[in-house]
Amino acid sequence: MEKSRPLWANPLQFVFACISYAVGLGNVWRFPYLCQMYGGGSFLVPYLVMLIVEGMPLLYLELAVGQRMRQGSIGAWKTISPYLGGVGLASVVVSFFLSMYYNIINAWAFWYLFHSFQDPLPWSVCPLNDNHTGYDEECEKASSTQYFWYRKTLNISPSIQDSGRVQWEPALCLVLAWLVVYLCVLRGTQSTGKVVYFTALLPYCVLIIYLVRGLTLHGATNGLAYMFTPKLEQLANPKAWINAATQIFFSLGLGFGSLIAFASYNEPSNNCQKHAIIVSLINSSTSIFASIVTFSIYGFKATFNYESCLNKVILLLTNSFDLEDGFLTASNLEQVKGYLASTFPGKYSEVLPQMRNCSLQAELATAVQGTGLSFIVYTEAIKNMEVSQLWSVLYFFMLLMLGIGSMLGNTAAILTPLTDSKVVSSHLPKEAISGLVCLVNCVIGLVFTMESGNYWFDIFNDYAATLSLLLIVLVETIAVCYVYGLRRFESDLEAMTGRGLNWYWKAMWAGVSPLLIVSLFVFYLSDYILTGTLQYQAWDAFQGQLVTKDYPPYALAVIGLLVASSIMCIPLVALGTFITRCLKRGDTPPAA
């Protein structure tokens, strides 16, 4: 007798699992960057439009497929058509790539969390040099936060060709991160269903605390004014719309197979349409909410740096021209500078090269995303706060919850098809399958703890999923609407949930969303072609800054393999199925 499928204890567990998976680091470190780059408040217009025409419909499609087929991604698409098993396999491959590198972010969060209990924070000051005669030269040229990230955390090599060795401290943190993930997925929905309450809710608690603190910081209003002041000319910028569509697409985690896996554990009568709308709205609201928190911190950091810059200029001019202490202030600085330049032109020209050009707008316009935002910009702001250890612990604890929540979805996308497979599950218990997946990912993930590991992290982050996911979701929508049949799928949903599809969902699935995905696919493909030789940012210890370098041929080959290995699953499995069927037909004996 076939074993019954495990179910979520209640619909709330499912919703929390989806929220925990979808609301991740991208909401905290990419959406604010896009707001900064593409017009502040005006970026919300393309973002909300893309949510309606792309995000909600595609999320509902994946949840409905998982709930209807009651299998992981491979089994679900095989049920729709035997030729589509490659779609599910491609999702599993992409999720495997993502799991390999994504958990290193949790390892870095653990590393920073452990160091957050020190007083002072280790990234707040530059260390002394070997002779104890001054500060470390690399740190002085960069900053204390950059030095701690690039030298103490990553111990980064000067290029991707210099592999270096495994750094044992980040490696131990990676093992710890995978151990936590394993304990969370050990018993499938039984363990994951309990963990998601924490991974979904705790980040909001920390964000609310940070919002209250952020709004009380000096200069926070400067950051919020910068965010909410719309630059309407950006609405005519195609890149603003493309990035809005991309952010919605990847933020919801479409195409990985995680949402199909989660929905497969639902009761067939579950209202997945309502849940798709709820998860989409919560995910987008969280991005906007996190941006308010981030820009209040941005404002504090920018104002702090701006005022520090002014104070250095004031001190320089006061000492150089023997001015009375307190005479020079921020309000009369420009006027006095003009007077000194006209009265003492020779002396002023000598001092001029030492004077920095202080600009609050320039500080606010410095756009940073990804690890640079989380581990450099935020730590720069945190070190200047009162009781900085507390804010550091809270921040990196929140990053951990967001990262682990996303990892639960990534591993579910791999584990569900494996546990659904009779070949695998008949030989190994669920706990052993989970353990093997985590162990293999952890061992391969040690590559990212090497001195060149951050460069490989960037390769995986930039190329492992982008084109592959667009193609996967495009095939998914075509498969449901034109292979399985939209009317047939509609009648299945009505029989299952008692609710039919209205015109909006049908129009989005059958026309608007696929056309949008094709447009994104063409844009990314042409962007890669027009870029020419792919480049990366390498850390130059002598200059204390990032420099641009070309990827070596073997790195380009890895990029090509990352893209091709998942995409090629779709045509190869279809071809294999076709050949197998032809051979079986040929072996069938003629009727007597």
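Residues numbered from 1 in each chain as written. Predicted model: local features only at pLDDT ≥ 70, side-chain atom pairs only at ≥ 80, totals over all residues. Heavy atoms only, no water.

Going by an unreviewed UniProt entry, the protein carries the name Transporter and comes from Neovison vison. Its UniProt record, at the heading Sequence similarities (unreviewed entry), says of the protein: "Belongs to the sodium:neurotransmitter symporter (SNF) (TC 2.A.22) family." Per UniProt, the protein carries the Subcellular location (unreviewed entry) text "Membrane". (UniProt positions renumbered as here; feature names shortened; annotations may be inferred.)

(A) Expanded view of the overall build of the protein. What the protein contains, in helices and strands, is 26 helices and two strands. Taken over C-alpha atoms, the radius of gyration comes to 27 Å for the protein, in line with the 25 Å a tight globule of 592 residues would show. Oriented by its inertia axes, the alpha-carbon framework of the protein measures out at about 110 × 50 × 45 Å. For the protein, the proportion of its 592 residues judged to be buried stands at 56%. For the protein, restricting intrachain contacts to residue pairs at least 6 apart in sequence, the fraction spanning at least 24 positions comes to 82%. Accessible surface, the protein: about 25500 Å² in total, of which carbon and sulfur atoms supply 64%. Across the protein, 32 positive and 35 negative side-chain charges occur, with their mean positions spaced 14 Å apart. (Helix = DSSP H or I, 4+ residues; strand = E, 2+ residues; numbered from the N terminus. Rg over C-alpha atoms; globule rule 2.2 N^0.38 Å. Buried < 20%, exposed > 50% of the residue type's maximum accessible area, 1.4 Å probe, protein only. Contact = heavy atoms within 4.5 Å. Areas by Shrake-Rupley, 256 points an atom, 1.4 Å probe, with all protein chains shown as cover. Lys, Arg positive; Asp, Glu negative; His and termini not counted. Charge placed at Lys NZ, Arg CZ, Asp CG, Glu CD.)

(B) Focus on the packing of aromatic side chains. For the coordinates displayed, the defined rule picks out 46 aromatic pairs. Over the ring of Tyr-226 we find Lys-231, and its NZ or CZ is 4.5 Å from the ring centre. (Phe/Tyr/Trp six-rings, centres within 6.5 Å; stacked < 30°, edge-to-face > 60°. Lys NZ or Arg CZ within 6 Å of the ring centre and 35° of its normal.)

(C) Focus on the UniProt feature "binding site: Na(+)" (unreviewed entry) in the protein. In this structure's numbering, the residues bearing the UniProt feature "binding site: Na(+)" (unreviewed entry) are Ala-22, Val-23, Asn-27, Ser-251, Asn-283, Leu-402 and Ser-406. Judged by maximum C-alpha separation, these annotated positions cover 385 residues in sequence but sit close together in space, the widest gap being only 12.7 Å. Of note, Ser-251 is situated in helix H12 (residues 238-251). The class for Ser-251 is buried, based on a relative accessible area of 8%. The exposure class assigned to Leu-402 is buried, which follows from its relative accessible area of 4%. If near-sequence neighbours (up to four positions away) are discounted, Leu-402 is found in contact with Ser-20, Val-23, Gly-24, Leu-25, Val-28 and Pro-203.

(D) How the structure looks around the pattern of salt bridges. In total, this model carries eight salt bridges according to the counting rule given. One salt bridge in this structure joins Glu-137 and Lys-141, with 3.2 Å as the shortest N-O distance. Placement of both Glu-137 and Lys-141 in helix H7 (residues 137-141) is noted, with a separation of four residues, approximately one turn of the helix. Glu-138 is paired through a salt bridge with Arg-151; the nearest N and O atoms lie 3.0 Å apart. Of this pair, Glu-138 sits in helix H7 while Arg-151 sits in helix H8 (residues 144-153), placing them 13 residues apart in sequence. The exposure class of Glu-138 is buried, given its relative accessible area of 11%. (Salt bridge = Lys/Arg side-chain N within 4 Å of Asp/Glu carboxyl O.)

(E) Quick peek at the environment of Tyr-226. With respect to the helices, strands and loops of the structure, Tyr-226 is situated in helix H11 (residues 220-228). Between the alpha carbons of Tyr-226 and Tyr-298 there is a distance of 9.7 Å; along the sequence they are 72 residues apart. When sequence neighbours within four positions are dropped, the list of residues in contact with Tyr-226 reads Gln-36, Gly-40, Lys-231, Phe-295, Gln-361, Leu-364 and Ala-365.

(F) Seen up close, the packing of helix H9 (residues 168-185) against helix H21 (residues 430-445). Contact pair H9 / H21: the axes reach a minimum separation of 10 Å and the direction vectors enclose 160 degrees. Considering the angle they form, H9 stands roughly antiparallel to H21. The handedness of the crossing between H9 and H21 is right-handed. On H21, the residues touching Leu-174, Val-175, Trp-178, Val-181, Tyr-182 and Val-185 of H9 are Glu-431, Ser-434, Gly-435, Cys-438, Asn-441, Cys-442 and Gly-445. Counted by class, the contact of H9 with H21 contains eight nonpolar, four polar and one charged residues. (Axes fitted to C-alpha atoms, helices over the stretch in contact; angles between N-to-C directions. Parallel < 35°, antiparallel > 145°, perpendicular 65-115°, else oblique. Left-handed = near helix turned anticlockwise from the far one by under 90°. Nonpolar A, V, L, I, M, F, W, Y, C, P; charged D, E, K, R; others polar.)

(G) The state of the cysteines, seen in detail. For the structure shown, the criterion picks out two disulfides. Paired by a disulfide, Cys-126 and Cys-139 hold their sulfur atoms 1.9 Å apart. The sign of the -80 degrees torsion about the S-S bond sets the Cys-126-Cys-139 disulfide as left-handed. With Cys-126 in the loop between helix H6 (85-115) and H7 and Cys-139 in helix H7, this residue pair connects regions lying 13 residues apart in the sequence. Each member of the pair Cys-126 and Cys-139 is classed as buried. Here Cys-309 engages in a disulfide with Cys-358; their sulfurs sit 1.9 Å apart. Between Cys-309 and Cys-358, the disulfide has an S-S torsion of -80 degrees and is therefore left-handed. Taken together, the residues span a long stretch of sequence, with Cys-309 in helix H14 (residues 272-320) and Cys-358 in the loop between helix H16 (345-351) and helix H17 (360-364) at a distance of 49 residues. Residue classification places Cys-358 among the buried residues on the basis of a relative accessible area of 18%. Disulfide connectivity for the protein, with bonded cysteines indexed by sequence position, reads 1-2, 3-4. Cys-184 provides the cysteine sulfur closest to Cys-205, a residue in no disulfide bond, and the two sulfurs are 17 Å apart. Between Cys-481, a cysteine without a disulfide, and Cys-272, which holds the nearest cysteine sulfur, the sulfur-to-sulfur distance is 15 Å. (Disulfide = S-S within 2.5 Å.)

(H) Structural view of the packing of helix H4 (residues 44-69) against H12. Two elements in contact, H4 and H12, have axes separated by 9 Å at closest approach and are oriented at 40 degrees. With respect to their mutual orientation, H4 and H12 come out oblique. Handedness of the H4/H12 crossing: right-handed. Contact residues: Pro-46, Tyr-47, Val-49, Met-50, Leu-51, Glu-54, Gly-55 and Leu-58 in H4; Ala-240, Trp-241, Ala-244, Ala-245, Gln-247, Ile-248 and Phe-249 in H12. Partitioning the contact of H4 with H12 into residue classes produces twelve nonpolar, two polar and one charged.

(I) The pairing of strand S1 (residues 535-540), seen in detail. Here S1 runs beside strand S2 (residues 545-550); their pairing, made up of six bridges, is antiparallel. From the neighbouring strand, Tyr-536 faces S2, where its bridge partner is Lys-549. In this structure, the hairpin formed by S1 and S2 is closed by a connection of four residues, where Gly-544 is found at a positive phi of approximately 70 degrees. (Pairing = 2+ DSSP bridges.)

(J) Main features of the nonpolar core. Counting residues in hydrophobic clusters, the biggest one holds 184 residues, and the most contacted among them are Tyr-210 and Ile-459. For this core, the element with the highest residue contribution is H6, accounting for 19 residues. One finds Val-313, Leu-340, Val-351 and Cys-358 within the second-largest nonpolar core, a separate group that totals 16 residues. (Core = buried A, V, L, I, M, F, W, Y, C linked by side-chain atoms within 4.5 Å.)

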